[in-house]
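# Structural features, examined
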Amino acid sequence: MPLIAAATSFKLIAEVSMAMRVRSIALVSSFVTAVAGWQLKALAQQALVTKDALAAFFGTFNASVGVLCVATQVLLTAGILRRFGLGPVLFLLPVGLLFGSGGLLVSGTLAAAVLLKGVDKVLRYSIDRPAVELLYLPVPAEVKLPAKSFIDTVAWRAGDALAGLAVMVFATIGGLGPVRLGLVTLPFIGLWLVLASRAHPRYVATLR
């Protein structure tokens, strides 16, 4: 039964171009952010050998980005969306990750990985996710619920699975370290920017 429901949802999404764009953004963005998370973990394990040091590091990191995420969402998100509109806001996270990945490739430090994943977590949950949710507005009501359910479960998890496969192929088998793995994510960030540039015009056209 779940497979039948998933297949039905996929068919509905395929028939609505706006839902297809949201699905594509979800798939690519989950891939990029999952690889960035692995990069941070791998560099932290290299720099912080003991389990206690790692636990303290990730506890501090998660608490800090959680506070920043809530503060950004409460104080800035609505104002940013009103002032700049949905189109530019869709570019914030991929552009932030583009610079973050570039900084990590240049410096190769744990601090750069912290900045990369920090930008991801803060912007993804405070600004990017609400912006992507707005893309569902012009989707027909009979499609919106199954499409959103499919994207939130299957598409996001598929991106995570592809990230795991990429890490296995390029890092474990191919020998790329956590820093150079950014070379794999950069083309996907470029694809993400292309998808974002096409999503907003379709959103406006569908509303009209």
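As a reminder, the structure under discussion sits directly above these lines.
Read on for an overview of the structure. Just so you know, the residues in each chain are numbered from 1, in the order the chain's sequence is written. Given that the model is predicted, a residue must reach a pLDDT of at least 70 before its local features are reported, and side-chain atom pairs must reach 80 or more before they are shown or counted; all residues, however, enter totals for whole chains, interfaces and linings. The side-chain quantities take in all heavy atoms of the structure and omit both hydrogens and water.

### Focus on the pattern of salt bridges
- A pair is scored as a salt bridge if a Lys or Arg side-chain nitrogen falls within 4 Å of a carboxyl oxygen belonging to Asp or Glu. All told, the structure shown has five salt bridges when counted by the stated rule.
- Across the pair glutamate 133 and lysine 148 runs a salt bridge, and its minimum N-O distance is 3.5 Å. With glutamate 133 in helix H6 (residues 110-134) and lysine 148 in helix H7 (residues 141-173), this residue pair connects regions lying 15 residues apart in the sequence.
- Using a 1.4 Å probe on the protein chains alone, a residue whose accessible area is under 20% of its type maximum counts as buried, one over 50% counts as exposed, and one in between counts as partly exposed. For glutamate 133, a relative accessible area of 29% corresponds to the partly exposed category.
- For lysine 148, a relative accessible area of 25% gives the class partly exposed. Every helix listed is a DSSP run of H or I at least four residues long, and every strand listed is a run of E at least two residues long, numbered separately from the N terminus.

### Here we look at the packing of helix H3 (residues 51-84) against H6
- Geometry is summarised by axes, namely lines fitted to C-alpha atoms with helices restricted to the contacting stretch, and by angles between N-to-C directions that run from 0 to 180 degrees. In the contact formed by H3 and H6, the axes pass within 9 Å of each other and the chain directions differ by 40 degrees. Relative to H6, H3 is oriented so that their crossing is right-handed. Residue-level contacts link Phe57, Phe61, Asn62, Val65, Leu68, Cys69, Thr72, Gln73, Thr77, Ile80 and Leu81 of H3 to Leu110, Val114, Lys117, Gly118, Lys121, Val122, Tyr125, Ser126, Ile127, Pro130, Ala131 and Leu134 of H6.
- Residues are grouped as follows: Ala, Val, Leu, Ile, Met, Phe, Trp, Tyr, Cys and Pro are nonpolar; Asp, Glu, Lys and Arg are charged; all remaining types, including Gly, are polar. For the contact of H3 with H6, the residue count by class is 15 nonpolar, six polar and two charged. The sense of a crossing depends on the near helix, which, turned anticlockwise from the far helix by less than a right angle, makes the crossing left-handed and, turned clockwise, makes it right-handed. Any two residues whose heavy atoms approach within 4.5 Å at even a single point are treated as in contact.

### Here we look at the side chain of serine 29
- Of note, serine 29 is situated in helix H2 (residues 17-47).
- A relative accessible area of 2% means that serine 29 is categorised as buried.
- Counting of polar contacts relies on pairs of N or O atoms within 3.5 Å, with two restrictions inside protein: one atom must be capable of donating a hydrogen and the other of accepting it, and residues adjacent in sequence are counted only when both atoms are side-chain atoms. Side-chain polar atoms of serine 29 contact the backbone oxygen of alanine 26, separated by 3.2 Å.

### Thoughts on the nonpolar core
- In terms of nonpolar packing, the biggest core is built from 55 residues, with Leu90 and Leu135 touching the most fellow members.
- Every element with two or more residues in this core is listed here: H2, H3, helix H4 (86-89), helix H5 (92-107), H6, H7 and helix H8 (182-207).
- If one sorts the elements of this core by residue count, H2 sits on top with 13 residues.
- Excluding anything up to four places from it in sequence, leucine 90 contacts Asp128, Ala131, Val132, Leu135, Ala196, Ala199 and His200. Side-chain atoms within 4.5 Å link the members of a nonpolar core, which is a set of buried Ala, Val, Leu, Ile, Met, Phe, Trp, Tyr and Cys residues.

### Thoughts on a nonpolar patch on the surface
- Exposure above 30% relative accessible area and the lack of any salt bridge qualify a residue for a patch; like charges then connect within 9 Å, and the nonpolar side chains Val, Leu, Ile, Met, Phe, Trp and Tyr within 5 Å. Accessible areas in this description were obtained via Shrake-Rupley with a 1.4 Å probe; residue shielding takes into account the shown protein chains only. On the surface, Leu27, Leu162, Leu165, Met168, Val169, Phe170 and Ile173 cluster together into a nonpolar patch covering about 600 Å² of accessible area.
- Examining the composition of the nonpolar patch, we find that six residues originate from one element, H7, more than from any other.
- Looking at the element boundaries, leucine 165 is found in helix H7.
- Relative accessible area serves as the criterion here: at 45%, leucine 165 is assigned to the partly exposed category.

### Section: the layout of surface pockets
- We place a 1 Å grid over just the protein atoms. Points where a 1.4 Å probe fits but has no way out form a cavity, open points with protein on both sides within 12 Å along at least 5 of 7 lines form a pocket, and any residue with an atom within 4 Å of a point lines it. Grid points are joined across faces, edges and corners, and a volume is the space filled by probe spheres set on the points. As a volume, the largest pocket reaches approximately 180 Å³.
- For the largest pocket, the full set of lining residues is Thr33, Ala34, Gly37, Trp38, Leu40, Lys41, Phe58, Phe61, Asn62, Lys117, Lys121 and Arg124.
- Going through the elements one at a time, H2, H3 and H6 are the ones with two or more residues in the lining of the largest pocket.
- By residue number, the principal contributor to the lining of the largest pocket is H2, which donates six residues.
- For the lining of the largest pocket, the class distribution of residues is five nonpolar, three polar and four charged.

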